[in-house]
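# An overview of the molecular structure
Letter by letter, the chains look like this.
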Amino acid sequence: MEKKVDSNFEDMAKFKSPKEILTKVHSNMGMMFFILIALIIVMGVINPRFLTINNGIIVARQASFLALIACGQMLVILTSGVDVSLGAIIGLCSVTAAIVSKQFGATAGWITPIFVGGAVGLLNGAVVAYFRIDSFAVTLGTLSICNGLALIISRGLTVYNLPPTYKTLAYTNVLTIPLPVIITMVVLLGMYIVVYRTQFGRYIYACGGNIEALRLTGVNVNRVMMWIFGVAGVLTGICAAMLSSRINSGQPHLGGALMMESIAACVVGGVTFKGGVGNLGGVVIGVLFLACLSNGFDLIGVSAFVKQVVVGSIIILAVIVDKLKK
Amino acid sequence: MPQTSENNMILSLNNITKTFPGVVALDDVQFELRKGEVHTLIGENGAGKSTLIKIISGAHQATSGEIIFDNEKILIKDPHHAKRLGIYTIYQEVMYIPDLSIAENMFLGSEILKNGLISHRNQIKETRKLFEKFGYSIDPEKMAKDLNVAELRMISIIKALNNDVKVLILDEPTASLTDREKDLLFKNIRLLKEKGTGIIYISHRLEELKEIGDRTTVFRNGQYIDTLELENVKGIDDLVPLMIGHEVKDKFPKIKAQIGEPLLRVKGLTRKGFFKNVSLECHAGEVLGIFGLVGCGFEDVPRSVFGAEDYETGTVEVNSGLSFKTVKKQSPKSALDKKISYIPRDRKHEGLIMNLSIKENIVMSCYHRFVTAIGLIRRKAVREIANQYRDIMRIKAPNMSTKVENLSGGNQQKVILARSLCHGGKIFLFNEPTAGIDVGSKVEIYQAMNQLTAEGSGVVMVSYELPEIMGMSDRIIIMYNGQIVKEFNIEDASEDEILKYAFGHGNDENIAA
């Protein structure tokens, strides 16, 4: 299954001229790409079960949730900011989705989180842009607000007894491929087009490079910043809908770990905090890397505690490698 | 004899080549520095001067070639190694910690300790002694952030001189220094010479070379051209052909255009602390030069007119054919919509988006013209328009996908101009259009101005360089202390008169007006 996602990524790269691909693969994610392949081989050698199709599907499903939120995180980090509220947004989305689906049915429950996530994201963006406040501070605030709201709405409890169709979003398979994987791939393809082929996408990179110069070219940078956070929120909302469907309930603390992982995937994927540097391909590799590592360790029987230490070390290593490259 | 001459040499570089991916920065060059000499380096931007400096100071390593320092073949590993050898570099941009005092900055990294703790009292005492030794007076307890650039530069120079310096590299040391500080610097340079220190001196100000330098080495396009005894160089103009490879026939190729109706009308513009009651008009086909001395506030005028900065009172109006339309405050978009373009002085911060390619920068302010109905960028169209402007502006780059951060100052300026042209404008506000740009590119920028006025656009050019103002303007406005004090037609203007007003010595009637 990893192969499937990889080739999807390769397809994306085909939009570029061969020379550009070479430079990109070489300079941006070449290293991580080969390390990912090496990881897959090593895991496969240690435990052949890792390379089975069934396990591939498991990894892909794990990766599909993280990929969406990491993609949103990438947009924000490209502007030299960071959004630490994405995990809390998942929790808020999850409980609202669950409650809405009980009232108005499964479809409404799937769609609501997209709007909730988008709204919180736009709010983040508006405060960051119009008041020129550091995104870390603002999203730290929304993190707490979203956590609080999620607990208030759910009275601190998991929301159960959702309509039976609600979980079909996460459990349907199309030609043995889980629907979340397909949704994620479609969304990523869309994001690829947005980032590389639309004005908005180019403005994202320009924001990270030199926001003052962009403002002086007559671009409404505040609106661009607002929408960057908004899109990150929407992607997080989609992720929340799929996650809630997967656990068939609404949980106020659903996305806590995903926020850190989304930053980790970006860092491993070569997105730098300086802003303006990084690409979607790298982030996808970062996500797959974390998913393979996590799944592989489970199969081999490494404890979850050790796993954390290893993942942490890898993040630091990735940053060092990035630094040495320059 | 050869023996003595060799002993006299502190540093020599032979057959140095340095390549970066895709670029040969230095191509088999040589350079030698005697003890006690001031050896100036000249060349256009991108000629290879800074690369050479970086190799000597250990920031870069040569791809091939040998470095002989103090009669020994060596390899300079990194800047620390260079310092241990006695090679000190004062870069153009001064490094300092704003929230520490001068004394603390002075001893940063080599603090004076007492019982294992920093002794502020001793550091301040030592700093004071040092300043006395070099004839400089400033309170060592002042915070670094409260100093101006010139003071910071002097302090960083003194800091370097305090060490056992064998080779001192000065990169544009006099930029932004006052005459008094410059004299002080030159005096100290001469003292160092007597002690036998070899000094490498880079400056774009050719007039300074004869004043302080002994020899000069010319670079061009990464190649060594010649080394001359400055004694034998008659006029500085003799050096210019060596630098650019051909003579600049006309440094200011002004072509007068037909002057037409007013395009831009600024009325009573005031921004507190910067400028007051500025009114001006710029006509079609005209270059309006605004001149003044550092601190006269004029550089903020075009920024406010364009909307990059706010202003308190006054109006900016643009001729839209039938009537004058007001430009919104603080809105570059409004200015651009009404055909005002701004070419900033600070290309890195206000001008370009450094991490993006040339072609993307060119279309950045009018991307909407290059998208399909569903919002996708038409990349072929972008490429074509970029190639078109590459030819018009003569932008030198491997290709249009090159990131602008890899371009020289002159080419960056051309990209900004190309962006303005691509967006389309009628009024072009140039803020110091040729600051930090090499001679050849300067002429090309001036030619672009000619082209603009010939097509009936208006140009407002703010500059500290009087020759440029005299050479390119049709009309000159002089500012002093934030106000317009005098206006000249170019035919009536003389350098003396202009300077008189710029120094605030014009007659009082004019100031009142």
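Preceding this paragraph is the structure being described.
A quick note: this is a predicted structure, and the numbers were derived from the prediction, not measured.

### Focus on the overall build of chain A
Counting secondary structure elements, chain A contains 13 helices and two strands. For 326 residues, the compact-globule estimate of 2.2 N^0.38 gives 20 Å, and chain A sits close to it at 19 Å. With respect to the principal axes defined by its C-alpha atoms, chain A has extents near 55 × 55 × 35 Å. Of all 326 residues assigned to chain A, the portion counted as buried reaches 57%. Relative to all contacts within chain A whose residues are 6 or more apart in sequence, the contacts with residues 24 or more apart total 80%. Per element, the accessible surface of chain A, about 14,100 Å² overall, is 70% carbon and sulfur. Of note, chain A has its 22 positive side-chain charges centred 4 Å away from the centre of its 11 negative side-chain charges.

### Side note on the overall build of chain B
For chain B, the count of helices and strands is 19 helices and 22 strands. For 513 residues, the compact-globule estimate of 2.2 N^0.38 gives 24 Å, and the C-alpha radius of gyration of chain B, at 25 Å, lies within 12% of that figure. In terms of its C-alpha atoms, chain B occupies a principal-axis envelope of roughly 80 × 55 × 50 Å. The buried share of chain B, taken over its 513 residues, is 52%. Long-range contacts, defined here as pairs at least 24 residues apart, represent 65% of the contacts in chain B between residues at least 6 apart.

### Here's the deal with the side chain of B:T453
All names here are of chain B. For T453, the location among the structural elements is in helix α16 (residues 439-454). Among the polar contacts listed, one links the side chain of T453 to the backbone oxygen of N450, at a separation of 2.9 Å. Not counting residues up to four positions away in its chain, the partners in contact with T453 are I255, A257, G285, E286, V287 and V459.

### A look at the interface of chain B and chain A
Of the residues lining the interface, 26 residues belong to chain B; the matching set on chain A comes to 21 residues. The largest contributions to the chain B side of the interface with chain A come from B:N355, B:I377 and B:R379, which together make up 24% of the buried area. The interface formed by chain B and chain A holds eight residue pairs in polar contact (both at pLDDT 80 or more) in total. If you list the elements that add at least two residues to the side of chain B that touches chain A, you get α10 (300-306), α11 (332-337) and α12 (347-351) of chain B. Broken down by element, the side of chain B that touches chain A gets its largest block of residues, four residues, from α12(B).

### Points about the pattern of salt bridges
All names here are of chain B. According to the stated counting rule, one finds 33 salt bridges over all chains in the structure shown. The partner of E126 in a salt bridge is K129, and the shortest N-O contact between them spans 3.3 Å. Pair noted here: E126 and K129 are both in helix α5 (residues 120-133), with a separation of three residues, about one helical turn. Salt-bridge contacts for K380 lead to E384; the nearest nitrogen and oxygen are separated by 3.8 Å. Here K380 pairs with E384, and both are found in helix α14 (residues 379-393), just four residues apart, close to one helical turn. Overall, E384 belongs to the partly exposed group, its relative accessible area being 45%.

### Section: the nonpolar core
Judged by nonpolar contacts, the single largest core of 144 residues is most densely connected at A:M191, A:L214, A:F289, B:I362 and B:F430. Ranked by size, the runner-up nonpolar core spans 34 residues in total, among them B:V38, B:I155, B:L168 and B:I199.

### Focus on the packing of aromatic side chains
One pair of aromatic rings is described through two measures. These are the centre distance and the angle between the planes. Taken as a whole, this structure holds 12 aromatic pairs over all chains when the rule is applied. Between B:F131 and B:Y136, the aromatic rings sit 5.9 Å apart at their centres with planes inclined by 85 degrees, giving edge-to-face as the arrangement. Looking at B:F131, the relative accessible area reads 2%, which means it is buried. By relative accessible area, B:Y136 is classed as buried at 8%. Seen from their ring centres, B:F488 and B:Y501 are 5.9 Å apart, and the 75 degrees between their planes marks the pair as edge-to-face. With B:F488 in strand β22 (residues 483-489) and B:Y501 in helix α18 (residues 495-502), the pair connects residues that are 13 residues apart, well separated along the chain. In this structure, B:F488 and B:Y501 share a single accessibility class: buried. Put simply, the rings of A:Y192, A:Y196 and A:Y205 pair up and form one aromatic cluster. The aromatic ring of A:Y205 is capped on one face by A:R202, whose charged end is 4.9 Å from the ring centroid.

### What to know about a nonpolar patch on the surface
All names here are of chain A. Among the surface-exposed residues, I99, I145, L149, I152 and I153 lie close enough to one another that they form a single nonpolar patch of about 430 Å² accessible area. Among the elements that make up the nonpolar patch, the one with the highest residue count is helix α6 (residues 135-154) (four residues). For I145, the position within the fold is in helix α6.

### Quick word on the sheet that holds strand β20 (residues 458-463) of chain B
Backbone-to-backbone hydrogen bonds join strands into a sheet, with any given pair of strands oriented parallel or antiparallel. All names here are of chain B. Taking strand neighbours across the sheet as the criterion, the six strands line up as β18-β19-β20-β15-β21-β22 in an open arrangement whose pairing is mixed. Two strands bound the open sheet, and with one partner strand each, they are β18 (340-343) and β22. Taken over all neighbouring pairs, the strand axes of this sheet differ in orientation by 20 degrees on average, direction set aside. Of the strand pairs in this sheet, strand β15 (residues 287-291) and β20 are connected by five bridges, and their pairing is parallel. Among the inter-strand pairings, G289 is bridged to a residue of β20, identified as M461. α16 contacts β15, β19 (427-431) and β20 of the sheet and is inclined by roughly 145 degrees relative to β20. Contacts from α18 reach β15, β21 (475-480) and β22 within the one sheet, and its direction differs from that of β21 by about 30 degrees.

### Structural notes on α14(B)
All names here are of chain B. Relative to the 21 Å expected for 15 residues at 1.5 Å per residue, α14 spans 21 Å between its end C-alpha atoms, a close match to the ideal helical length. For α14, the set of buried residues is A381, V382, I385, A386, Y389 and M393. Each buried residue of α14 sits inside an arc of 130 degrees when the element is viewed along its axis, so together they form one side. Of the exposed residues in α14, those oriented more than 90 degrees away from the buried face are K380 and D391. In the core, the buried residues of α14 are packed alongside α13 (358-363), α15 (409-423) and α16. R394 sits one or two residues past α14 and shows a positive phi near 50 degrees.

### A closer look at the packing of helix α11 (residues 256-268) of chain A against helix α12 (residues 280-300) of chain A
Residues and elements named next belong to chain A. Running from N to C, α11 and α12 point in directions that differ by 120 degrees, and their axes come no closer than 7 Å. On the basis of their axis angle, the class for α11 and α12 is oblique. Helix-helix and strand crossings are classified by hand; for α11 and α12 the assignment is right-handed. Along the contact surface, α11 presents E261, A264, A265, C266 and V268, while α12 presents V283, G286, V287, F289 and L290. Its residues placed into classes, the contact of α11 with α12 shows eight nonpolar, one polar and one charged.

### Brief notes about the packing of α14(B) against α15(B)
Residues and elements named next belong to chain B. For the pair α14 and α15, the least separation of the axes is 10 Å and the interaxial angle reads 120 degrees. Here α14 is positioned oblique relative to α15, judged by the angle of their axes. The hand of the α14/α15 crossing is right-handed. Residues I385, Y389 and M393 of α14 touch α15, and the partners they reach there are K414, L417, A418, L421 and C422. Split into classes, the residues belonging to the contact of α14 with α15 amount to seven nonpolar, no polar and one charged.

### Some remarks on α18(B)
All names here are of chain B. Among all positions in α18, only I498, Y501 and A502 are buried. Projected down its long axis, α18 carries its buried residues within an arc of 100 degrees, all on one side. Of the residues trailing α18, G504 is marked for its positive phi of about 85 degrees.

### Some remarks on the sheet that holds strand β3 (residues 38-42) of chain B
Residue and element names in this part refer to chain B. Pairing within the open sheet is mixed, and its six strands lie in the order β6-β9-β10-β3-β11-β12. On the outer flanks of this sheet lie β6 (87-90) and β12 (223-229), each paired with one strand and no other. When the angles between neighbouring strand axes are averaged without regard to direction, this sheet yields 20 degrees. Bridge count between β6 and strand β9 (residues 167-171): four bridges; the pairing is parallel. By the bridge assignment for β9, I87 is matched with V167.

Procedures and definitions
- Residues numbered from 1 in each chain as written.
- Chains lettered and ligands numbered in written order.
- Predicted model: local features only at pLDDT ≥ 70, side-chain atom pairs only at ≥ 80, totals over all residues.
- Heavy atoms only, no water.
- Helix = DSSP H or I, 4+ residues; strand = E, 2+ residues; numbered from the N terminus.
- Rg over C-alpha atoms; globule rule 2.2 N^0.38 Å.
- Buried < 20%, exposed > 50% of the residue type's maximum accessible area, 1.4 Å probe, protein only.
- Contact = heavy atoms within 4.5 Å.
- Areas by Shrake-Rupley, 256 points an atom, 1.4 Å probe, with all protein chains shown as cover.
- Lys, Arg positive; Asp, Glu negative; His and termini not counted.
- Charge placed at Lys NZ, Arg CZ, Asp CG, Glu CD.
- Polar contact = N/O pair within 3.5 Å; in protein donor to acceptor, adjacent residues only side chain to side chain.
- Buried area = accessible area lost by both parts, 1.4 Å probe.
- Salt bridge = Lys/Arg side-chain N within 4 Å of Asp/Glu carboxyl O.
- Core = buried A, V, L, I, M, F, W, Y, C linked by side-chain atoms within 4.5 Å.
- Phe/Tyr/Trp six-rings, centres within 6.5 Å; stacked < 30°, edge-to-face > 60°.
- Lys NZ or Arg CZ within 6 Å of the ring centre and 35° of its normal.
- Patch = residues over 30% accessible without salt bridge, like charges linked within 9 Å, V, L, I, M, F, W, Y side chains within 5 Å.
- Pairing = 2+ DSSP bridges.
- Axes fitted to C-alpha atoms, helices over the stretch in contact; angles between N-to-C directions.
- Expected span 1.5 Å × (residues − 1).
- Arc of directions from axis to C-beta.
- Parallel < 35°, antiparallel > 145°, perpendicular 65-115°, else oblique.
- Left-handed = near helix turned anticlockwise from the far one by under 90°.
- Nonpolar A, V, L, I, M, F, W, Y, C, P; charged D, E, K, R; others polar.

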